[in-house]
Amino acid sequence: MKFDHIGIATNDINETIKKISKFMNIREQSEIVYDELQDASLCMLTLDNVQIELIQGAIVENILKKRQYLYHTCYSVDNIEEIKEKLVSEGALVISEVKPAILFNMRKVVFLMWDLGLIELVEGEQHGVN
């Protein structure tokens, strides 16, 4: 597993981008896309040293009510099914089944609750903003 990005929950992607740009250098920004399978609007930002995925929609409403913004950490993997099964054997709970993600050019993703909190696995390596 290789660290890929952090996911941040937001009520308004455009407003969050404006706030981030006041303090950090946004090198690249994807289009804002709606992913029906995730039921969320999504945007990927590449800063100088990290990638941030902004997530807006019903999927993050409950954590936003608690004023929590860090949604997940994401790790890229070569074989998503193999790593998912290894994590499950170590006690991780599958939150969503493996499915394609529009923001990542239809690469497979899965969410699990693990000792590190909510994690996303994405199959294949991320290279900048898609």
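Reading the values: rules and limits
Residues numbered from 1 in each chain as written. Predicted model: local features only at pLDDT ≥ 70, side-chain atom pairs only at ≥ 80, totals over all residues. Heavy atoms only, no water. 1 Å grid on protein atoms, 1.4 Å probe; cavity = no way out; pocket = protein on both sides within 12 Å on 5 of 7 lines; lining within 4 Å. Points joined across faces, edges and corners; volume = space filled by probe spheres on them. Helix = DSSP H or I, 4+ residues; strand = E, 2+ residues; numbered from the N terminus. Buried < 20%, exposed > 50% of the residue type's maximum accessible area, 1.4 Å probe, protein only. Pairing = 2+ DSSP bridges. Patch = residues over 30% accessible without salt bridge, like charges linked within 9 Å, V, L, I, M, F, W, Y side chains within 5 Å. Areas by Shrake-Rupley, 256 points an atom, 1.4 Å probe, with all protein chains shown as cover. Salt bridge = Lys/Arg side-chain N within 4 Å of Asp/Glu carboxyl O.

**Q** Can you explain the layout of surface pockets? Please cite residues and give values.
**A** Approximately 190 Å³ is the volume attributed to the largest pocket. Of all elements in the fold, only strand S1 (2-9) and helix H1 (13-23) reach the threshold of two or more residues within the lining of the largest pocket. If one sorts the elements of the lining of the largest pocket by residue count, H1 sits on top with three residues.

**Q** Give a detailed account of the pairing of strand S4 (residues 40-46), specifying residues and quantitative values.
**A** Two faces make up the sheet, and in a regular strand the side chains alternate between them. Most of S4 sits inside the fold, with seven of its seven residues counted as buried. On S4, burial covers both faces: Ala40, Leu42, Met44 and Thr46 on one face and Ser41, Cys43 and Leu45 on the other are all buried. As judged from the two bridges shared by strand S2 (residues 28-29) and S4, these two strands associate in the antiparallel manner. Bridged to Glu28 within S4 is Thr46. Across three bridges, the pairing between strand S3 (residues 33-35) and S4 is antiparallel. Of the residues in S4, the one forming a bridge with Tyr34 is Ser41.

**Q** I'd like a rundown of a nonpolar patch on the surface, residues and numbers included.
**A** On the surface, Leu93, Ile95 and Met113 cluster together into a nonpolar patch covering about 300 Å² of accessible area. With respect to the helices and strands, the residue Leu93 is situated in strand S7 (residues 93-101).

**Q** Go over the pairing of strand S9 (residues 117-123) with me, naming the residues and quoting the values.
**A** For S9, the buried fraction is high: five of the seven residues fall into the buried class. In terms of strand pairing, strand S6 (residues 70-77) meets S9 through five bridges, oriented parallel. By the bridge assignment, Thr73 is partnered in S9 with Ile119. Where strand S8 (residues 107-114) lies against S9, six bridges are found, and the strand directions are antiparallel. Of the residues in S9, the one forming a bridge with Leu112 is Ile119. A loop of two residues connects S8 with S9, the two strands running antiparallel in sequence.

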